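Spelled out, the chains give:
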Amino acid sequence: MNLVIVSNRVARAKPNEPMTGGLAAALLPVVEKSGAIWVGSSGRVRDGNQKEPFAEIEALGEGALAMLDLPAAHYGGYYEGFANSALWPALHSRADLIRASEEDYASYREVNAFMARALLRFQKPDSMFWIQDYHFLTLAAELRDLGITQPIGLFMHTPWPARAVIAGVPHHRAVIEAMLAYDLVGFQTDEDCENFLSYAQLDLGLVVHDGVVISQHGRTRAEVFPIGIDPQKFSQLAAKAVTHPDVSRLRRSLNGEALAIGVDRLDYSKGLVNRIKAFDRMWTLQPQLKRAASLLQIATPSRGAIEAYGNLQSELAKLVSDVNGVHGEVDWTPIRYLNKGFGQAVLAGLYRTAQVGVVTPLQDGMNLVAKEYVAAQNPENPGVLVLSKFAGAANELDTALLVNPHDIDGMARTIATALSMPLTERRMRWEAMMAKLRSGTIQQWFADFIDALQDSQLDKGPLGPVMADAPTRWPLRSVNNGARYHH
């Protein structure tokens with residue numbers, strides 16, 4: 001098997017450098033051990049029409065990274081435009097933030113077509129293509145147009161919203177029809193999968209049978225694969241990180257007070273404003289917790305060129321300043337707020353130092369920070385995870401303290417409960433969560449998806465009796481409403 005993994009960006013595995021997100025942290029170990037080639041943007045763009053997409057290739061363990069310079073004329077419309085100003089808000093159920101022009105959509109299709117041409121050089125008879133996330137929803141349709149018949153799978157790291165929300169995306173029908181060129185589409189939760197199948201059945205009028213959609217492309221299986229981490233590796237990182245200068249400085253600075261930690265990309269889906277308000281409320285309602293408990297909030301900036309992100313950064317900085325101004329004292333700062341990332345090794349040590357992990361997104365596909373926080377704990381004296389019930393991780397980590405991130409007072413009370421939880425209860429909750437992490441590792445996620453993708457080829461035979469109710473005539477090509485966005 002020759003596995004080709006595709007994502008928007010490729011992360012390099014430098015041990016002490018900040019990770020750019022959960023996807024990077026998840027895929028690097030998989031590529032190193034499986035011999036896969038991971039293809040994505042280099043982060044650079046190139047002018048002019050490249051006849052042959054340029055790829056810079058470097059080895060990574062058993063596998064390799066291939067970095068492409070994407071076309072300058074279309075990168076902005078593809079990335080900041082359609083992917084992150086139309087699809088991302090919709091996928092996180094923020095239809096009010098959807099912004100996209102016709103040019104953005106055209107650029108999204110162009111970059112998907114460009115990536116398809118670039119992937120031809122990595123194609124072998126035994127290739128399988130595994131595409132990651134919402135940047136490349138139409139990539140399989142482009143690959144099929146180029147004659148690729150091998151298995152192509154898509155995994156959605158984000159949630160998939162209700163039909164009415166995805167219908168707010170311009171060209172949603174064309175995009176989802178193109179997605180049906182994938183053999184397998186993987187989701188984080190049952191709800192995400194059901195939302196997708198519901199759209200295919202009710203909005204596209206297609207036959208859906210036992211998780212399989214029948215379309216002009218043949219069969220597409222939709223299935224749930226909750227992503228995991230390597231809990232053993234993370235636990236070892238956390239134990240070693242105790243001596244790291246950043247971690248030991250943090251411990252010394254606490255003077256015995258309890259610490260809560262939040263680690264997020266600076267994104268409106270992460271519920272950061274509500275989280276800060278919950279801590280403000282907690283110190284107001286329970287002033288005895290002043291000086292007794294503080295918050296370390298790490299919020300790594302991202303997508304600063306998009307208006308909604310710039311606004312959030314300003315709002316959050318002001319809010320933290322206000323809360324610190326009200327509750328702080330000359331020798332105590334309630335919220336330490338850092339706009340920078342940390343490498344996995346340091347993060348593991350910071351998680352272990354904190355008595356409470358606060359993961360309260362308004363909506364999240366999975367949220368690997370929740371899993372990392374649990375894995376990093378000292379088994380003898382574990383911390384408590386406060387987790388949004390709207391994170392995919394809540395389906396597995398059900399012995400965390402689950403909260404509604406829209407309920408500020410409720411969150412304030414739950415954080416206070418976490419800070420005072422007795423050791424016996426903390427251990428019981430932690431052990432139950434660790435058992436879930438050990439049974440659903442990143443390695444298991446990888447193996448399950450690849451097995452299902454290989455099996456999807458068995459579905460390629462005659463369409464059989466399930467086709468009886470299907471439309472008798474398929475449109476020849478409805479993916480782009482008849483338009484093609486190729487060079």
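Note that this is a predicted model, so its numbers are computed, not measured. (Residues numbered from 1 in each chain as written. Predicted model: local features only at pLDDT ≥ 70, side-chain atom pairs only at ≥ 80, totals over all residues. Heavy atoms only, no water.)

A word on the packing of helix H10 (residues 272-285) against helix H11 (residues 307-327)
Then step 1. Their axes nearest at 10 Å, the elements H10 and H11 cross at an angle of 10°. In terms of orientation, H10 lies roughly parallel with respect to H11. Here Leu 272, Val 273, Ile 276, Lys 277, Asp 280, Trp 283 and Thr 284 of H10 come into contact with H11, specifically with Leu 312, Glu 315, Leu 316, Leu 319, Val 320, Val 323 and His 327.
Then step 2. A per-class count over the contact of H10 with H11 returns nine nonpolar, two polar and three charged. (Axes fitted to C-alpha atoms, helices over the stretch in contact; angles between N-to-C directions. Helix = DSSP H or I, 4+ residues; strand = E, 2+ residues; numbered from the N terminus. Parallel < 35°, antiparallel > 145°, perpendicular 65-115°, else oblique. Contact = heavy atoms within 4.5 Å. Nonpolar A, V, L, I, M, F, W, Y, C, P; charged D, E, K, R; others polar.)

Here's the deal with the environment of Thr 243
Then step 1. Mapped onto the secondary structure, Thr 243 falls in the loop between helix H8 (231-240) and helix H9 (245-254).
Then step 2. As for Thr 243 and Gly 349, which are separated by 106 residues in sequence, their C-alpha atoms are 8.6 Å apart.
Then step 3. Reaching out from Thr 243, the side chain makes a polar contact with the backbone oxygen of Lys 240 at a distance of 3.2 Å. (Polar contact = N/O pair within 3.5 Å; in protein donor to acceptor, adjacent residues only side chain to side chain.)

Quick look at the sheet that holds strand S14 (residues 356-359)
Then step 1. Strands sit in the order S13-S12-S11-S14-S15-S16 across an open sheet of six strands; the sheet is parallel. This sheet does not close on itself; its edge strands, each paired only once, are strand S13 (335-338) and strand S16 (401-403). Each strand axis lies, on average, 20° off the axis of its neighbour in the sheet, ignoring direction.
Then step 2. Sheet topology note: the strand S11 (residues 258-265)/strand S12 (residues 293-300) ladder contains eight bridges and is parallel. Within the sheet, the bridge partner assigned to Arg 265 lies in S12 and is Thr 300.
Then step 3. Across the sheet, helix H12 (residues 344-353) lies against S11 and S12, angled at about 140° from S11, the strand it touches most.
Then step 4. In this fold helix H14 (residues 408-419) packs onto S11, S12, S14, strand S15 (384-388) and S16, with an angle of close to 170° to the strand it touches most, S16. (Pairing = 2+ DSSP bridges.)

What about the packing of aromatic side chains?
Then step 1. Evaluated as defined, the whole model comprises 22 aromatic pairs.
Then step 2. Both rings, one in Tyr 75 and one in Tyr 79, keep their centres 5.6 Å apart while their planes meet at 15°; by these two values the pair is stacked. Of the two residues, Tyr 75 and Tyr 79 both sit in helix H2 (residues 72-91), four residues apart, roughly one turn of that helix. Summarising the burial analysis for this pair, Tyr 75 and Tyr 79 share the class buried.
Then step 3. Joined through ring pairs, the aromatic side chains of Tyr 75, Tyr 78, Tyr 79, Phe 82, Tyr 105, Tyr 108 and Phe 136 make up one cluster.
Then step 4. If you follow Arg 303 out to its NZ or CZ, it ends over the ring of Trp 88, 4.3 Å from the centre. (Phe/Tyr/Trp six-rings, centres within 6.5 Å; stacked < 30°, edge-to-face > 60°. Buried < 20%, exposed > 50% of the residue type's maximum accessible area, 1.4 Å probe, protein only. Lys NZ or Arg CZ within 6 Å of the ring centre and 35° of its normal.)

Side note on the confidence of the model for the chain
Then step 1. Residue-level pLDDT values for the chain average 90, and 90% of them are 70 or greater.
Then step 2. Here residues 464-487 scores under 50 on pLDDT; set against residues more than four positions off or in separate chains, the count is 50 contacts. (pLDDT = per-residue confidence, 0-100.)

Some points on the pattern of salt bridges
Then step 1. Taken as a whole, this structure holds 21 salt bridges when the rule is applied.
Then step 2. Between Lys 318 and Asp 322 there is a salt bridge, with its nearest N and O atoms 2.9 Å apart. Residue Lys 318 and its partner Asp 322 are both found in helix H11; the two are separated by four residues, about one turn of the helix. (Salt bridge = Lys/Arg side-chain N within 4 Å of Asp/Glu carboxyl O.)

Looking at helix H7 (residues 190-202)
Then step 1. Taking 1.5 Å of rise per residue, the 13 residues of H7 would be expected to cover 18 Å, and the 18 Å separating its terminal C-alpha atoms lies within 8% of that figure.
Then step 2. If you check which residues of H7 are buried, you get Asp 192, Cys 193, Asn 195, Phe 196, Leu 197, Tyr 199 and Ala 200.
Then step 3. Residues of H7 that are buried sit in contact with helix H5 (163-166), helix H6 (172-179), strand S7 (184-187), strand S8 (207-209), strand S9 (212-215) and strand S10 (218-224). (Expected span 1.5 Å × (residues − 1).)

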